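# Survey of secondary and tertiary structure
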Amino acid sequence: QVTLKESGPGILQPSQTLSLTCSFSGFSLSTSGICVSWIRQPSGKGLEWLATICWEDSKGYNPSLKNRLTISKDTSNNQAFLKITSVDTADTAIYYCARRALVGNFDYWGQGVMVTVSS
Amino acid sequence: DVVLTQTPPTLLATIGQSVSISCRSSQSLLHSNGNTYLNWLLQRTGQSPQPLIYLVSKLESGVPNRFSGSGSGTDFTLKISGVEAEDLGVYYCMQFTHYPLTFGSGTKLEIK
């Protein structure tokens, strides 16, 4: 059974660095063709892709935030991570991680974690 | 970036009615490898998105076959043949043929 679960600080102040963890089970990020992506959703708004990391350690970032994003993984512990530097109130959102399978389907999503940036 | 335009923004349907949602892309979504990376998701209120369809027309495991996807190039359609109460929510198309991955703005399905 595949599951993903996001975790984060809940609330942080502007200019701080946001660190998110996606802990997953039921698959390995060392399996060929498997990737994990981060997507966020401000309250009442649509979905925005942030970054993806794949089994062979390739990475992709949304250019609109690229300089602020770092994605990484710990294959041994079945985790993927996302850091966003210099956060501001516009980064307040629900953050999801999702698995992308070989054939291109984002077939499993986490429940999401709410992050609020506030002074 | 590829812009995905979904219409209509809101859809009001009765139980049993068949409905369609359009997703129009600003560029062809046909990849050089021959695949078209256009997926559909449903997000129920308060829940995370759940996958419905991938590669334009392939049904995700466990998704009822009243859902179907079609299209090519820049024009895609999600059809629900016989809406059920559990289908209400916001439907999104998404593409990752082109970098960066982008989503449509969503179509909210409401039940009369």
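In the block above lies the structure referred to throughout.
Keep in mind that this is a model prediction, so the values were computed, not measured.

### Digging into the side chain of Gln-41 of chain A
- Among the structural elements, Gln-41 of chain A can be located in strand β4 (residues 35-41).
- A polar atom in the side chain of Gln-41 of chain A sits 2.9 Å from the backbone oxygen of Lys-45 of chain A.
- A polar contact is formed between the side chain of Gln-41 of chain A and the side chain of Gln-43 of chain B, at a distance of 2.8 Å.
- Setting aside residues up to four positions removed in sequence, Gln-41 of chain A forms contacts with Gly-46, Leu-47, Ala-93, Ile-94 and Tyr-96 of chain A together with Gln-43 and Tyr-92 of chain B.

### Things to note about the nonpolar core
- Trp-38, Leu-82 and Tyr-95 of chain A are the most contacted members of the largest nonpolar core, which totals 29 residues.
- The set of elements that each furnish at least two residues to this core consists of β3 (18-25), β4, β5 (48-54), β7 (69-74), β8 (79-84), β9 (93-100) and β11 (113-117) of chain A.
- Ranked by residues supplied to this core, first place goes to β3 of chain A with four residues.
- Leu-38, Trp-40, Leu-42 and Leu-52 of chain B belong to the second largest nonpolar core, which has 23 residues in total.

### Focus: the sheet that holds β8 of chain A
Residue and element names in this part refer to chain A.
- Ordered in space as β1-β3-β8-β7, the four strands form an open sheet in which the pairing is antiparallel. Strand pairing shows two members of the sheet lacking a second neighbour, β1 (3-7) and β7, which therefore form its edges. Strand-to-strand twist across the sheet, computed as the mean angle between neighbouring axes with direction ignored, equals 15°.
- Note: β1 against β3, five bridges, orientation antiparallel. If you follow Thr-3 over to β3, its bridge partner there is Ser-25.

### Section: the sheet that holds strand β3 (residues 19-25) of chain B
All names here are of chain B.
- The strand order across the open sheet built from four strands is β1-β3-β8-β7, with neighbouring strands paired in antiparallel fashion. With one partner strand each, in any of the chains shown, β1 (4-7) and β7 (67-72) form the two edges of the open sheet. Averaged over all pairs of adjacent strands, the angle between their axes in this sheet comes to 20°, without regard to strand direction.
- Note: β3 against strand β8 (residues 75-80), six bridges, orientation antiparallel. For Ser-20, the partnering residue across the bridge sits in β8 and is Lys-79.

### What about the packing of aromatic side chains?
- Summed over all chains, the structure comprises six aromatic pairs over all chains.
- Pairing Phe-106 of chain A with Phe-96 of chain B gives two aromatic rings, centres 5.3 Å apart and planes at 75°, and the pair type is edge-to-face. On the criterion of chain membership, the pair formed by Phe-106 of chain A in strand β10 (residues 106-109) and Phe-96 of chain B in the loop between β9 (89-95) and β10 (102-103) is interchain, its members lying in two chains. The same class applies to Phe-106 of chain A as to Phe-96 of chain B, namely buried.
- Aromatic ring contacts, followed pair by pair, group Phe-106 of chain A together with Tyr-37 and Phe-96 of chain B into a single cluster.
- Here the guanidinium or amino end of Arg-99 of chain A rests over the ring plane of Phe-27 of chain A, the centre of that ring lying 5.1 Å away.

### Let's talk about the interface of chain A and chain B
- At the interface, 20 residues of chain A touch 18 residues of chain B.
- When the two sides are added together, the surface that chain A and chain B hide from each other amounts to roughly 1,500 Å², 66% of it contributed by carbon and sulfur.
- Our count for the contact surface shared by chain A and chain B stands at zero salt bridges.
- Inspection of the chain A/chain B interface yields seven residue pairs in polar contact (both at pLDDT 80 or more).
- Listed by contribution, the elements that provide at least two residues to the side of chain A that touches chain B are β4, β5, β9 and β10 of chain A.
- A total of three residues in the side of chain A that touches chain B trace back to one element, the largest contributor, which is β10 of chain A.

Conventions we followed
- Residues numbered from 1 in each chain as written.
- Chains lettered and ligands numbered in written order.
- Predicted model: local features only at pLDDT ≥ 70, side-chain atom pairs only at ≥ 80, totals over all residues.
- Heavy atoms only, no water.
- Helix = DSSP H or I, 4+ residues; strand = E, 2+ residues; numbered from the N terminus.
- Polar contact = N/O pair within 3.5 Å; in protein donor to acceptor, adjacent residues only side chain to side chain.
- Contact = heavy atoms within 4.5 Å.
- Core = buried A, V, L, I, M, F, W, Y, C linked by side-chain atoms within 4.5 Å.
- Buried < 20%, exposed > 50% of the residue type's maximum accessible area, 1.4 Å probe, protein only.
- Pairing = 2+ DSSP bridges.
- Axes fitted to C-alpha atoms, helices over the stretch in contact; angles between N-to-C directions.
- Phe/Tyr/Trp six-rings, centres within 6.5 Å; stacked < 30°, edge-to-face > 60°.
- Lys NZ or Arg CZ within 6 Å of the ring centre and 35° of its normal.
- Buried area = accessible area lost by both parts, 1.4 Å probe.
- Salt bridge = Lys/Arg side-chain N within 4 Å of Asp/Glu carboxyl O.

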